Amino acid sequence: MAAEIIRGTELRETILDEVAEGVKTLKEKTGRPPGLVTILVGENPASLSYVSLKIKTAHRVGFKEVQENIAEDVSEADLLALIEQYNRDDTIDGILVQLPLPKHIDESRVIDAIDPAKDVDAFHPVNVGRLMLEGSSAPFIPCTPAGIQEMLVRAGVPVAGAEVVVVGRSNIVGKPIANLLLQKGRAANATVTVVHTGTKDLASHCRRADVLIVAAGVPNLVHPEWIKPGACVIDVGVNRVGERVSEKTGKTVAVLRGDVDYDAALGVAGWITPVPGGVGPMTIAMLMKNTLKAMELRTL
Ligand code: GUN
């Protein structure tokens, strides 16, 4: 039987409708909408496209959105000063600095400078620590892991007691999703294994997974033989493998592939997320949810 496809594009709509309702309520209570500032340094095409989607979505749910697009050669001191300006701005609830940053800027110093109460990415050490200690009760869950957990819940994938294998140990996806699913609680309580480039036999670990979460950044890394029949496969990879001309707009757009051999995996998995249209849209929806929550926590 073919896998059930978990479409992030559909779930996103439900979440954004819920956020837009929350924005209305907050606006009635406080007289202002949540404010989100996006800070983009340089012109990395992938970052430009992510940030423009974030801005478009913020606008759609009724946020005040501020865009800071700064030159690649900005000094670290100037970037830190800009962050401090938004830390002090009461109309801004969320500060998002798009990663990666140019090499001359220390990413940790930049993340550390964001007020943890406005850290809607949940990358600040305070929020990383709170996720470790409190699981899904932490104030902010990083957007991609939060989106993955939401997909598992809404698709009815059993997670409690399941063998979850996470491929990849990044600070943005691998480590926090492993932590989140390890905790006691809703859509968690799993037995979690994290595998990475130093793991001896990736395939044998993957084959044991009831839920396989792949965030390696390697196109078609996971072959169908690596998937346990009926398992849930969450593909976080967004790999730009070429370009094509869009039939709709006539513009050149990137051809995207996940980390999983999707067509082949469809015949083995029980559930699967597509690329594009899977985890990506959920990440942006959860950013909006975190920004709404940031305002609630700061004002109510
Ligand atoms: N770069 C890749 N993913 C992300 C993300 O979720 N947030 C930020 N700020 N930068 C990223």
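That block above? That's the structure.
Note that the structure is a prediction, hence the values are computed from the model and not measured.

Visitor: Explain the site of the ligand to me, please; I cannot follow it from the model alone.
Guide: As a structural note, the neighbourhood of the ligand is formed by Leu-96, Val-97, Gln-98, Leu-99, Asp-121, Cys-143, Thr-144, Ile-172 and Thr-283. At the level of elements, strand E4 (94-97) and helix H6 (143-155) are the ones that each hand at least two residues to the shell around the ligand. Grouping the amino acids of the shell around the ligand by side-chain chemistry returns 5 nonpolar, 3 polar and 1 charged. Mapped onto the domain boundaries, the shell around the ligand takes at least three residues apiece from domain 1 (31-115) and domain 2 (142-281).

Visitor: Honestly, the sheet that holds strand E5 (residues 163-167) in this entry has me stumped. Any pointers?
Guide: Paired through their backbone hydrogen bonds, the strands of a sheet run either parallel or antiparallel. The strand order across the open sheet built from 6 strands is E1-E11-E8-E7-E5-E6, with neighbouring strands paired in parallel fashion. The sheet is open, and its two edges are formed by strand E1 (4-5) and strand E6 (191-195), each paired on a single side. Helix-sheet contacts for helix H7 (residues 174-182) involve E5, E6 and strand E7 (211-214), and the interaxial angle to E6 is about 170°.

Visitor: Would you explain the sheet that holds E4 in this entry?
Guide: The 3 strands lie next to each other as E3-E2-E4, forming an open sheet whose pairing is parallel. Each end of this open sheet is capped by a strand with a single partner; those strands are strand E3 (64-70) and E4. Averaged over neighbouring strand pairs, the angle between their axes works out to 15° when direction is ignored. Bridge count for strand E2 (residues 35-41) against E3 is 7 bridges, and the pairing is parallel. From the neighbouring strand, Ile-39 faces E3, where its bridge partner is Glu-68. Of the strands in this sheet, E2, E3 and E4 touch helix H2 (residues 45-60), which is tilted by about 170° from E2.

Visitor: Can you walk me through the packing of helix H1 (residues 8-30) against helix H10 (residues 279-299) in this structure?
Guide: It is at 9 Å that the axes of H1 and H10 come closest, and there the two elements cross at 15°. It follows that H1 is roughly parallel to H10 by the angle criterion. Crossing of H1 against H10: the hand is left-handed. From H1, Gly-8, Thr-9, Leu-11, Arg-12, Ile-15, Leu-16, Val-19, Gly-22, Val-23, Leu-26 and Thr-30 reach across to H10, where they touch Val-279, Gly-280, Pro-281, Met-282, Ala-285, Met-288, Lys-289, Leu-292, Met-295, Glu-296 and Thr-299. Tallied by class, residues from the contact of H1 with H10 come to 13 nonpolar, 6 polar and 3 charged.

Conventions used here
- Residues numbered from 1 in each chain as written.
- Predicted model: local features only at pLDDT ≥ 70, side-chain atom pairs only at ≥ 80, totals over all residues.
- Near = placed C-beta within 6 Å.
- Helix = DSSP H or I, 4+ residues; strand = E, 2+ residues; numbered from the N terminus.
- Nonpolar A, V, L, I, M, F, W, Y, C, P; charged D, E, K, R; others polar.
- Domains from an automatic or database assignment.
- Pairing = 2+ DSSP bridges.
- Contact = placed C-beta atoms within 7 Å.
- Axes fitted to C-alpha atoms, helices over the stretch in contact; angles between N-to-C directions.
- Parallel < 35°, antiparallel > 145°, perpendicular 65-115°, else oblique.
- Left-handed = near helix turned anticlockwise from the far one by under 90°.

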